[in-house]
Amino acid sequence: MENLDSSCVLCTLLVIVILYISVQIFRLLVADCDLSLQWATRLGRGIGRLRGKVVWITGASSGIGEHLSYELAAAGCRLVLSARRKDELERVKKQCQVSGPLKPEDILVLPLDVLKYNTHSDATETVLKYFGQIDVLVNNAGRTQRAVWEETDLEVDRDMLDLNVLGVLSLTKAVLPHMINTSGGHVVVMSSVAGKVGVPMSGSYCGAKFALHGWFDSLRSEGYEKNIKVTLLCPGPVFSGILKAAMTSKHGENYGIDMKSDEKRMSTRRCAYLSAVAIANELDEVWIALHPVLGLTYLHQYMPAISKWLMKGFGMKKIKELREGR
Ligand SMILES: NC(=O)c1ccc[n+]([C@@H]2O[C@H](COP(=O)([O-])OP(=O)(O)OC[C@H]3O[C@@H](n4cnc5c(N)ncnc54)[C@H](OP(=O)(O)O)[C@@H]3O)[C@@H](O)[C@H]2O)c1
């Protein structure tokens, strides 16, 4: 009798485990982001939780940064919009006022070149003078790359690190002391699925985005006791102007080719919405991508040997097609 009882309990447990795993697999199959972010979109804190916070966004003049500005404006955040093109930032500011409850004085347009590290402290002072606080810094500005590995000039590797890594570090280091001296803050870093999986034709870009994970995972652990939160956002292919301004293998050259509207990429708006949910819920790291890129990212994280074998077997052509949204 006792044996029968314990085998019944075991059977029930097994059914529960199988059911749980099936539900998770089903959720993953229909998802466009990782499971923790998916839970956050349903059960987590809404973007409205960020209302009143001062959020500084770099790369706000186009693409994901522009649409993230609209999401945060709609939620009632006070915004600092930075990039090099002031006219584009003014356009985004106007649109923010349409999509949200903000008055013109709630949005500061602050032109900034991420590569000019010596301006970052003054820019931080300007924001602090204007708003008195910086709650969230979103390091979003960046450029991608299309280049054959062995043809890539070392100069290009350096350019990529200067913009996508050192620029991010420099601005964060300018803002961090203020966050630590007040009651804490939140540093958000725009990485990429290419910061998790080494993909072809973007050696320098992958290297730079991978590096961000090392630097900012370290800050997350170190900053915990100082109430510093760190979120790494990792989108897959998303519609934006990023390809046009992409670096190539030659120093100073732009790829110059625009995305085609029929490419299989996530909309900029959806990526911005999911990024905003991740920020509101202070998630450590999120993956935002359509399948099969999302599935490949999971495979790479949890079964790296299989994913590396698959990537070699798939061949460069197939992986390139996936990256280009085909
Ligand atoms: N689109 C994708 O498929 C994708 C996927 C994964 C990750 N990401 C990441 O998402 C971020 C935004 O890219 P996006 O797709 O939105 O591309 P985008 O439309 O080209 O936006 C890039 C932004 O970065 C700014 N920027 C570039 N160089 C700068 C500099 N030196 N100083 C200040 N701002 C600079 C640009 O503004 P100005 O030209 O006005 O300076 C622009 O606002 C990047 O970090 C990228 O790596 C994109």
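Residues numbered from 1 in each chain as written. Predicted model: local features only at pLDDT ≥ 70, side-chain atom pairs only at ≥ 80, totals over all residues. Heavy atoms only, no water.

Engineer: Can you walk me through the overall build of the protein chain in this structure?
Structural biologist: Broken down by element type, the protein chain carries 10 helices and 7 strands. In terms of overall size, the protein chain behaves like a compact globule, its C-alpha atoms giving a radius of gyration of 21 Å where 326 residues would be expected to give roughly 20 Å. For the protein chain, the spread of C-alpha atoms along the principal axes amounts to about 75 × 50 × 40 Å. Per-residue burial for the protein chain yields a buried fraction of 51% across its 326 residues. A sequence separation of at least 24 residues applies to 73% of the contacts in the protein chain between residues at least 6 apart. Accessible area for the protein chain stands at about 16,200 Å²; split by element, carbon and sulfur atoms hold 59% of it. Computed over 39 positive and 34 negative side-chain charges, the inter-centroid distance for the protein chain is 3 Å. (Helix = DSSP H or I, 4+ residues; strand = E, 2+ residues; numbered from the N terminus. Rg over C-alpha atoms; globule rule 2.2 N^0.38 Å. Buried < 20%, exposed > 50% of the residue type's maximum accessible area, 1.4 Å probe, protein only. Contact = heavy atoms within 4.5 Å. Areas by Shrake-Rupley, 256 points an atom, 1.4 Å probe, with all protein chains shown as cover. Lys, Arg positive; Asp, Glu negative; His and termini not counted. Charge placed at Lys NZ, Arg CZ, Asp CG, Glu CD.)

Engineer: I would appreciate a short explanation of the sheet that holds strand β4 (residues 136-139) in the present structure.
Structural biologist: In a beta sheet, neighbouring strands pair by backbone hydrogen bonds and run either parallel or antiparallel. Read from one edge of the open sheet, 7 strands run β3-β2-β1-β4-β5-β6-β7, paired in parallel fashion. Edge positions in the sheet fall to β3 (107-109) and β7 (285-288), since each has one partner strand and no second. The sheet shows a mean angle of 15° between the axes of neighbouring strands, taken without regard to direction. Inspection of the sheet shows strand β1 (residues 54-58) paired to β4 by 3 bridges, in the parallel sense. Bridge pairing links V55 to V136 in β4. Here helix α6 (residues 154-181) sits on the sheet in contact with β1, β4, β5 (185-190) and β6 (228-235), set at roughly 175° to β4. (Pairing = 2+ DSSP bridges. Axes fitted to C-alpha atoms, helices over the stretch in contact; angles between N-to-C directions.)

Engineer: What's the story with the packing of helix α2 (residues 35-43) against helix α8 (residues 268-280) in this structure? I'm lost.
Structural biologist: The relative placement of two packed helices is expressed as an angle between their axes plus a distance between the axes. Between α2 and α8, the shortest axis-to-axis distance is 10 Å and the interhelical angle comes to 85°. On the basis of their axis angle, the class for α2 and α8 is roughly perpendicular. Here L37, A40 and T41 of α2 lie close against α8, whose contacting residues are Y273, L274, V277 and A278. Tallied by class, residues from the contact of α2 with α8 come to 6 nonpolar, 1 polar and no charged. (Parallel < 35°, antiparallel > 145°, perpendicular 65-115°, else oblique. Nonpolar A, V, L, I, M, F, W, Y, C, P; charged D, E, K, R; others polar.)

Engineer: Would you mind showing me how to read the site of the ligand here?
Structural biologist: The immediate surroundings of the ligand are formed by 29 residues, with S61, R84, R85, Y205 and S240 found nearest. I64 is positioned such that a nitrogen or oxygen atom in its backbone is 2.8 Å from an oxygen atom of the ligand. In this structure, G142 approaches the ligand through a main-chain N or O atom, which is 3.5 Å from an oxygen atom. Protein chains bury 94% of the 880 Å² of accessible surface belonging to the ligand in isolation. Classifying every residue of the shell around the ligand gives 13 nonpolar, 11 polar and 5 charged. (Near = heavy atom within 4 Å. Polar contact = N/O pair within 3.5 Å; in protein donor to acceptor, adjacent residues only side chain to side chain.)

Engineer: Even after reading the chapter, I still don't get the pairing of β4, so can you show me in this structure?
Structural biologist: Side-chain positions along a regular strand alternate between the two faces of the sheet. Here β4 shows a buried face lined by V136 and V138 and a second buried face lined by L137 and N139. Bridge count between β4 and β5: 4 bridges; the pairing is parallel. Paired with N139 across the two strands is V189, which belongs to β5. Regarding topology, α6 serves as the crossover connection from β4 to the parallel β5, and that connection is right-handed. (Right-handed = clockwise from strand over helix to strand, strands pointing away.)

Engineer: Sorry, what's going on with α6 here?
Structural biologist: An ideal rise of 1.5 Å per residue puts 40 Å on 28 residues; α6 measures up with 39 Å between its terminal C-alpha atoms. Along α6, the sharpest change in direction is near 40° and occurs at D162. (Expected span 1.5 Å × (residues − 1). Bend = angle between axes of the 7 residues up to and from the residue.)

Engineer: Explain the packing of α6 against helix α7 (residues 203-223) here, please?
Structural biologist: At a minimum axis separation of 8 Å, α6 and α7 run at an interaxial angle of 25°. Between α6 and α7, the interaxial angle falls into the category roughly parallel. Considering how the two elements wind past one another, α6 and α7 form a crossing that is right-handed. Across the interface between the two elements, V156, D157, M160, L161, N164, V165, V168, L169, T172 and L176 from α6 touch S204, Y205, A208, K209, A211, L212, W215, F216 and L219 from α7. (Left-handed = near helix turned anticlockwise from the far one by under 90°.)

Engineer: Help me understand the pairing of β1 in this model?
Structural biologist: Among the 5 residues of β1, 5 are classified as buried, and the element is accordingly described as predominantly covered. Handedness of the crossover joining β1 and strand β2 (residues 78-82) through helix α3 (residues 63-74): right-handed.

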